[in-house]
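Spelled out from the first residue to the last, the chains are:
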Amino acid sequence: MLNPDIRVEDAPTLKETEPKESGCGEPERREVAEPKEEENTEPEEEGGDREIRRSIDGRTETSTETKERRDRSRHVPGGAWLTQMALLPPDPKFILRGARAEINSLQFFCGNQEQGPPILFSGASNGLIHVWNLKIRRADTVLDGHDGKSVYWVQTLRGRESLLSQGRDLQICTWDLAEGRNTVTDSLFTESVGFCKCSLLRMSQDRWLLAVAGRETSEVQVREMPSQKLVCTLTPESEARMGMPMCLRLWQPPSGSSPLLLVGYEDGSLALWSIAEKRPLSRLPCHQDPVMCLDFDPERARGVSGSSDKAPSAWRLDAQQRLQVYKSLTLTNPGVADVAIRQDGRILATGGWDHRLRIFGWKSLKPLAVLDYHTATVHCVTFSDHDTPSDRLMAAGSKDQRISLWSLYNEA
């Protein structure tokens, strides 16, 4: 558990080392905090010991204690700094087991708990969707509607009463979950053979927009839900040669203007599309390989994308709606399967091919923690929508068939 008083910007940077196999077959956590001098920008308190919060597992230390700890540090061959007070990242708050297949997609619903406990939907490679009760930490229901084909996207439509799921059977299913029901009431044939996940945007109480990869190369369709009416088809010019759409993100500008769509393409570029004008507003080459994942923060007009390389790219929109790269992160190992920005805009999480979750401050993009619980690729990562900040969770799904849930930086 994390100390609720710790500020994100004061958390230590953790140094990554390769996992060491322990006797139980799981990697032993070997991260240590790299001690480094930090500029004192806070006023001294009367006692002379200004409190500096430096850990993420509940310990705090004063400046005097920090100096004593550094004095005890010793440098060893290989360039690693080891201290007698090495800081380790936290363990998961709890683990969900029982899916018995790779976890491809996760979606929380934690609002309106008068109608029921907080729940987590998971889509797995065996075609099943588990509805996890987070109060008892068990699956209440298992949904089977994709003929055993992998489910790689799930999204709530009307809270806990309705769900959309996308599978490798090329179907997008609409589920009725109200009053204990678990039936498919409608389905949409996507015609796309790729792995591009849909994106859903709520426009009003009973109207949503759904972006989905189309039949033709580079084509994206935008449909109205639940009617499935085609709103528009977005296709780049043929000479652009952008390849297949790999990831999508519908969003509504804070100004209330018409919705926009961000698309990551096979050629490593991003494009911003106007739904109303049915044309691209901006294009940005930001990866050498296909864009595997992206997320966007409409309030700050900033986003992040990941690829098979070791350099997730952070980018932003200027006043003219032009995409611009402003920073590239550097990871130890290549391969970013998913990225997620928490709703409060404070932290960013990435899931990697190297089994690790990495946490960054979203404002500064400073590395905060490396979490190495999983033993295979982390396919998906998401944050909960709890009304109370202290209850917020991060969930990660992996090829190792487990879902880890974490409590991170939940101070008010």
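Located above this text is the structure these notes cover.
These notes cover the structure that comes with them. (Residues numbered from 1 in each chain as written. Predicted model: local features only at pLDDT ≥ 70, side-chain atom pairs only at ≥ 80, totals over all residues. Heavy atoms only, no water.)

## Some thoughts on the pattern of salt bridges
Moving on, step 1. Inspection of every chain in the model, using the stated rule, returns 13 salt bridges.
Moving on, step 2. Close ionic contact of Arg-342 with Asp-344 constitutes a salt bridge, the shortest N to O distance being 2.9 Å.
Moving on, step 3. You can call Asp-344 partly exposed: its relative accessible area is 22%.
Moving on, step 4. It is possible to trace a salt-bridge network through shared partners that takes in Asp-176, Glu-179 and Arg-181. (Salt bridge = Lys/Arg side-chain N within 4 Å of Asp/Glu carboxyl O. Buried < 20%, exposed > 50% of the residue type's maximum accessible area, 1.4 Å probe, protein only.)

## Let's talk about the side chain of Asp-338
Moving on, step 1. Along the chain, Asp-338 falls in strand 30 (residues 336-341).
Moving on, step 2. Among buried Asp, Glu, Lys and Arg side chains, Asp-338 stands out as unpaired, with Lys-197 the closest opposite charge at 4.9 Å.
Moving on, step 3. Within the structure, the side chain of Asp-338 is placed 3.0 Å from the backbone nitrogen of Val-381, a separation counted as a polar contact.
Moving on, step 4. Dropping the residues within four chain positions of it, Asp-338 is found in contact with Cys-293, Ala-349, Thr-350, Gly-351, His-379, Cys-380 and Val-381. (Helix = DSSP H or I, 4+ residues; strand = E, 2+ residues; numbered from the N terminus. Lys, Arg positive; Asp, Glu negative; His and termini not counted. Polar contact = N/O pair within 3.5 Å; in protein donor to acceptor, adjacent residues only side chain to side chain. Contact = heavy atoms within 4.5 Å.)

## Digging into the sheet that holds strand 36 (residues 403-406)
Moving on, step 1. With antiparallel pairing, four strands are arranged side by side in an open sheet as 9-36-35-34. Both edges of this open sheet fall to strand 9 (94-96) and strand 34 (378-383), since each of them pairs with a single strand only. The mean angle between the axes of side-by-side strands here comes to 20°, regardless of whether they run parallel or antiparallel.
Moving on, step 2. Strand direction decides the pairing type here: strand 35 (residues 394-398) and strand 36, joined by four bridges, are antiparallel. Across the sheet, residue Gly-397 finds its bridge partner in strand 36, namely Ile-403. (Pairing = 2+ DSSP bridges. Axes fitted to C-alpha atoms, helices over the stretch in contact; angles between N-to-C directions.)

## Some details on the sheet that holds strand 11 (residues 119-124)
Moving on, step 1. If you trace the four strands from one edge of the open sheet to the other, you get 10-11-12-13, paired in antiparallel fashion. At either end of the open sheet lies a strand with only one pairing partner, and these are strand 10 (103-109) and strand 13 (138-144). Neighbour to neighbour, the strand axes of the sheet diverge by 20° on average, direction disregarded.
Moving on, step 2. Here strand 10 runs beside strand 11; their pairing, made up of six bridges, is antiparallel. Bridge pairing in strand 11 links Ser-105 to Gly-123.

## Section: the packing of aromatic side chains
Moving on, step 1. Taken as a whole and assessed by the stated rule, the structure comprises three aromatic pairs.
Moving on, step 2. Aromatic pair Trp-251 and Phe-296: ring centres 4.5 Å apart, planes at 45°, arrangement tilted. Of the two residues, Trp-251 is situated in strand 22 (residues 245-251) and Phe-296 in strand 26 (residues 293-297); the sequence distance between them amounts to 45 residues. For the residue pair Trp-251 and Phe-296, the accessibility class agrees, reading buried in each case.
Moving on, step 3. Each ring, one from Phe-296 and one from Trp-315, has its centre 5.9 Å from the other, and the planes form 15°; the classification is stacked. Residue Phe-296 is located in strand 26, and its partner Trp-315 is located in strand 28 (residues 313-317); the two are separated by 19 residues in the primary sequence. Neither residue differs from the other here; Phe-296 and Trp-315 are each classed as buried.
Moving on, step 4. Through pairs of rings, three or more aromatic residues link up here, namely Trp-251, Phe-296 and Trp-315.
Moving on, step 5. Stacked on the ring of Phe-195, the Lys or Arg Arg-168 has its end atom at 4.0 Å from the ring centre.
Moving on, step 6. Lying across the ring of Trp-362, Arg-302 places its NZ or CZ 4.3 Å from the centre. (Phe/Tyr/Trp six-rings, centres within 6.5 Å; stacked < 30°, edge-to-face > 60°. Lys NZ or Arg CZ within 6 Å of the ring centre and 35° of its normal.)

## Notes on the pairing of strand 19 (residues 207-213)
Moving on, step 1. Of all seven residues making up strand 19, six are buried, and the element is well covered by its neighbours.
Moving on, step 2. The pairing of strand 18 (residues 199-204) with strand 19 spans five bridges and is antiparallel. By the bridge assignment for strand 19, Ser-204 is matched with Arg-207.
Moving on, step 3. Linking strand 18 back to strand 19 in an antiparallel pair, the connection comprises two residues.
Moving on, step 4. As paired strands, strand 19 and strand 20 (residues 220-225) are joined by six bridges and run antiparallel to one another. Of the residues in strand 20, the one forming a bridge with Ala-213 is Val-220.
Moving on, step 5. Two successive antiparallel strands, strand 19 and strand 20, enclose a turn made up of six residues, where Ser-218 displays a positive phi of approximately 75°.

## What to know about the side chain of Asn-133
Moving on, step 1. Relative to the elements of secondary structure, Asn-133 occurs in strand 12 (residues 128-133).
Moving on, step 2. A polar side-chain atom of Asn-133 sits 2.8 Å from the main-chain amide nitrogen of Lys-135.

## Observations regarding the environment of Ser-218
Moving on, step 1. Turning to its location among the elements, Ser-218 is positioned in the loop between strand 19 and strand 20.
Moving on, step 2. Each C-alpha atom of the pair Ser-218 and Met-246 lies 9.2 Å from the other, and the pair is 28 residues apart in sequence.
Moving on, step 3. Leave out the neighbours within four places in its chain, and Ser-218 touches Leu-234, Thr-235, Pro-236, Met-242, Gly-243, Met-244, Pro-245 and Tyr-265.
Moving on, step 4. In terms of polar contacts, Ser-218 uses its side chain to reach the backbone carbonyl oxygen of Gly-243, at 2.5 Å.

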